[in-house]
Amino acid sequence: MAFRTRHPRLLLCSLLVLAGMAVAGGAELWRRERRGEQLAAEAQAHVAQPFARPSHGQPPMAGSFGALVAPLLAPLGKDAQAYRALDEKTTQACSEVREGKRPFEQLPQACRDALERGGELARRALRATRAERGGVPPGFGALDDPDLPREGDVGLALQHATRLSALSMQQQLQAGAAAEALDTCLDVIALSRDLGSEATLLAQLISVSTLNLGYRACATALTEAPLSDLQRALPALERLSVGWMSFADTMRGEALWAGITFESRWLGEAHLRALPDGARALALSKMGMDFDADPSLLRRFWHWEHARRLSGIKERYIAAAALPPDARDSRLQALCAEEQRSYNPVERDVLCGENAGFAAFARRIDRQHAQLALLFAAARARAAQAATGVWPTSSTVLAAAPPLPRPTLRVVDGAHASLAFSQSDLEDLSFPLVAAGALAPGDTRSASGAQAP
């Protein structure tokens, strides 16, 4: 009583501080509860809505791409490791043959051996893209169990299959078998699409690299294919022109993965049980925050605040990713400038380090979409010119389904034209066109300017 009489203000302040702490603690618990419900709901929706795309194979193969290709990954991965062990001079020469810069006869013996050893595996892997359903192999999914083979291992194996298939295309083209090369080209595009069906940045970059490996050979195949084969391939190309992931959708998936990885340690048992099996394993794995070394309450609070801040950063990036490209890049660069002033190395260096910022990722995906738009528009333009005798200018011929951009066709003369983009960062991408019958088989002049990154 004496204390209360002598120090009423001190007592009141103490009570107010305690009340404030109780309110703040209750608000924090409520916020974590809502965040847990959100993560569980988003994860369930992610696995409940499998990637849907029309198969370019007619009739399509039964089953899913992921299930059909999974048994081939281990032997392809072994071959890929052997290929990576080749010396730089050899791999450079192999790349120049793959891109059509050297004739197939100059392919080094080591790459001939790799093609002979893994060619059939590569063909089987690419044919798996003709499955009636999409879906990625186990381990490639954003919310798959981390004990499964990871995205990089799957990507390495399937990129090697694409590398070998691109060499096969060059061999077929030089032998005058442009129709067979065109079929392989369709499978390469389909593989890039299926690998890009998972909404994470790593999956998108693997998809981008896959298309890059086969792009030049595809460009030549589309240019040299006999008109009858090109017309036969048009329906397949139309089916391949849909089902591509936008950068905004990629960022949403990336944010979900980051939430499961960095925030799930603060979720209750009920929320963890509500997660899909793979996501629960991811949340409880060493990819999540582990406090065994420092279990102090202060340290836990610091990590929670960091995870929550990271979640907020991702939300701002998602909003920016949905903007048109120019506005998107400006906003992403502005956000990066903010993060580079951060004391936190994850925010400063990983999110926005040199060549690692989200704007750089977005431009690489933009470039892939531009390549695809050129391939699809080139096929339509060649077919339309053969049917009418003039190069088409109709938007329906050159348009592509979002998120693919629309190229511009520039007519040189009755037999020659080119496809290009007006955007400054895509100006170096172009696709020369030659009318059907104006190019002799084996002449790659028209496709040599079909630029790849």
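Bear in mind that the values here come from a model prediction, so they are computed numbers and not experimental data.

Before going further, it helps to spend a moment on the overall build of the protein. The helix and strand tally for the protein stands at 18 helices and 5 strands. Here the protein, with 453 residues, has 51% of them falling under the buried criterion. Within the protein, contacts between residues at least 6 apart in sequence are counted, and of these 71% link residues at least 24 apart. Taken as a whole, the protein presents about 20,900 Å² of accessible surface, with 56% of it coming from carbon and sulfur.

Turning our eyes to something else, we now look at the environment of proline 432. Along the chain, proline 432 falls in strand β5 (residues 430–434). Here the alpha-carbon distance between proline 432 and arginine 410, two residues 22 residues apart in the chain, equals 9.3 Å.

The subject of this paragraph is the state of the cysteines. In this structure the tally under the stated criterion is 2 disulfides. Disulfide pairing is shown between cysteine 94 and cysteine 111; the S-S distance is 1.6 Å. Taking the sign of the torsion about the S-S bond as the criterion, the disulfide between cysteine 94 and cysteine 111, at about 95°, is right-handed. Of this pair, cysteine 94 sits in helix α5 (residues 88–98) while cysteine 111 is found in helix α6 (residues 109–127), placing the two residues 17 residues apart along the sequence. Classification of cysteine 111 by relative accessible area gives buried; the value is 1%. Between the sulfur of cysteine 185 and that of cysteine 218 lies a disulfide, 2.2 Å long from S to S. In this structure, the disulfide formed by cysteine 185 and cysteine 218 twists by about 120° around the S-S bond and is classed as right-handed. Here cysteine 218 lies in helix α9 (residues 201–224) and cysteine 185 lies in helix α8 (residues 178–195), a separation of 33 residues in the sequence. The two residues cysteine 185 and cysteine 218 agree in class, both being buried.

So, on to the sheet that holds β5. By way of backbone hydrogen bonds, the strands of a sheet pair with one another, either parallel or antiparallel. Ordered by their spatial adjacency, 3 strands build an open sheet running β3-β4-β5, and the pairing between neighbours is antiparallel. Strands with a single pairing partner mark the edges of an open sheet, and in this sheet they are β3 (408–413) and β5. Between one strand axis and the next, the sheet turns by 20° as a mean value, whatever way the strands run. The pairing of β3 with strand β4 (residues 416–420) spans 5 bridges and is antiparallel. Following the sheet pairing, leucine 409 is matched in β4 by leucine 419. With respect to the sheet, helix α17 (residues 358–388) is in contact with β3, β4 and β5, its orientation differing from that of β5 by roughly 15°.

The next subject is the pattern of salt bridges. For the coordinates displayed, the defined rule picks out 18 salt bridges. Linking arginine 53 and aspartate 194 is a salt bridge whose minimum nitrogen-to-oxygen distance equals 2.9 Å. On the criterion of sequence distance, the pair formed by arginine 53 in the loop between α2 (8–48) and β1 (61–64) and aspartate 194 in helix α8 is long-range, its members being 141 residues apart. You'll find arginine 53 and aspartate 194 in the same group, each marked buried.

Residue glutamine 58 is joined to proline 59 through a cis peptide bond whose omega torsion reads -5°. With respect to the secondary-structure elements, proline 59 resides in the loop between α2 and β1. Proline 403 follows proline 402 through a cis peptide bond whose omega is 10°. Looking at where proline 403 falls in the secondary structure, it is placed in the loop between α18 (395–398) and β3.

For helix α10 (residues 227–240), built from 14 residues, the straight-helix expectation of 20 Å at 1.5 Å per residue is met to within 8% by its first-to-last C-alpha distance of 19 Å. Inspection of α10 places Asp229, Leu230, Ala233, Leu234, Ala236, Leu237 and Leu240 among the buried residues, and these make up the whole buried set. In this fold, the buried residues of α10 make contact with α8, α9 and α17.

A full pass over the atoms with the stated rule returns 2 aromatic pairs. Ring plane angle 65° and centroid distance 4.7 Å describe the contact between tyrosine 317 and phenylalanine 358, whose orientation is recorded as edge-to-face. Taken as a pair, tyrosine 317 in helix α14 (residues 297–321) and phenylalanine 358 in helix α17 lie far apart in primary sequence, 41 residues in all. Relative to phenylalanine 361, the ring of phenylalanine 358 lies with its centre 6.3 Å away and its plane at 45°, an arrangement referred to as tilted. Note that phenylalanine 358 and phenylalanine 361 are positioned in helix α17 at a spacing of 3 residues, about one turn of the helix. Relative accessible area serves as the criterion here: at 17%, phenylalanine 361 is assigned to the buried category. One aromatic cluster in this structure is built from Tyr317, Phe358 and Phe361.

Attention shifts here to the pairing of β4. Sheet faces and side chains relate simply in a regular strand, where the side chains alternate between the two faces. The buried count for β4 comes to 4 of 5 residues, which makes it a mostly enclosed element. Connecting β3 to the antiparallel partner β4 that follows it, the hairpin turn spans 2 residues. The pairing of β4 with β5 spans 5 bridges and is antiparallel. Its bridge partner lying in β5, histidine 416 is registered against valine 434.

What follows deals with the nonpolar core. Counting residues in each nonpolar core, the largest one holds 81 residues, and the members touching the most others are Leu158, Ile189, Leu419, Phe431 and Leu433. With 11 residues, the single largest contributor to this core is α17. Apart from residues lying up to four places away in sequence, leucine 419 is in contact with Leu374, Ala377, Ala378, Leu398, Pro407, Thr408, Leu409, Leu429, Ser430, Phe431 and Leu433. Of all hydrophobic cores here, the second largest spans 19 residues; its members include Phe247, Ala248, Leu332 and Ala362.

Right, let's talk about the confidence of the model for the protein for a bit. Predicted coordinates in areas of low pLDDT are best not read in detail. Residues of the protein with pLDDT of at least 70 account for 80%, and the chain-wide mean is 83. Within the protein, α5 carries the highest mean pLDDT (97), whereas helix α1 (residues 2–6) carries the lowest (50). This stretch, residues 290–299, has a pLDDT under 50; its non-local contacts, to residues over four places away or in other chains, come to 6 contacts. Predicted confidence for residues 440–449 stays below pLDDT 50, and this span has 17 contacts to residues more than four positions away or in other chains.

Scoring rules and cut-offs
Residues numbered from 1 in each chain as written. Predicted model: local features only at pLDDT ≥ 70, side-chain atom pairs only at ≥ 80, totals over all residues. Heavy atoms only, no water. Helix = DSSP H or I, 4+ residues; strand = E, 2+ residues; numbered from the N terminus. Buried < 20%, exposed > 50% of the residue type's maximum accessible area, 1.4 Å probe, protein only. Contact = heavy atoms within 4.5 Å. Areas by Shrake-Rupley, 256 points an atom, 1.4 Å probe, with all protein chains shown as cover. Disulfide = S-S within 2.5 Å. Pairing = 2+ DSSP bridges. Axes fitted to C-alpha atoms, helices over the stretch in contact; angles between N-to-C directions. Salt bridge = Lys/Arg side-chain N within 4 Å of Asp/Glu carboxyl O. Expected span 1.5 Å × (residues − 1). Phe/Tyr/Trp six-rings, centres within 6.5 Å; stacked < 30°, edge-to-face > 60°. Core = buried A, V, L, I, M, F, W, Y, C linked by side-chain atoms within 4.5 Å. pLDDT = per-residue confidence, 0-100.

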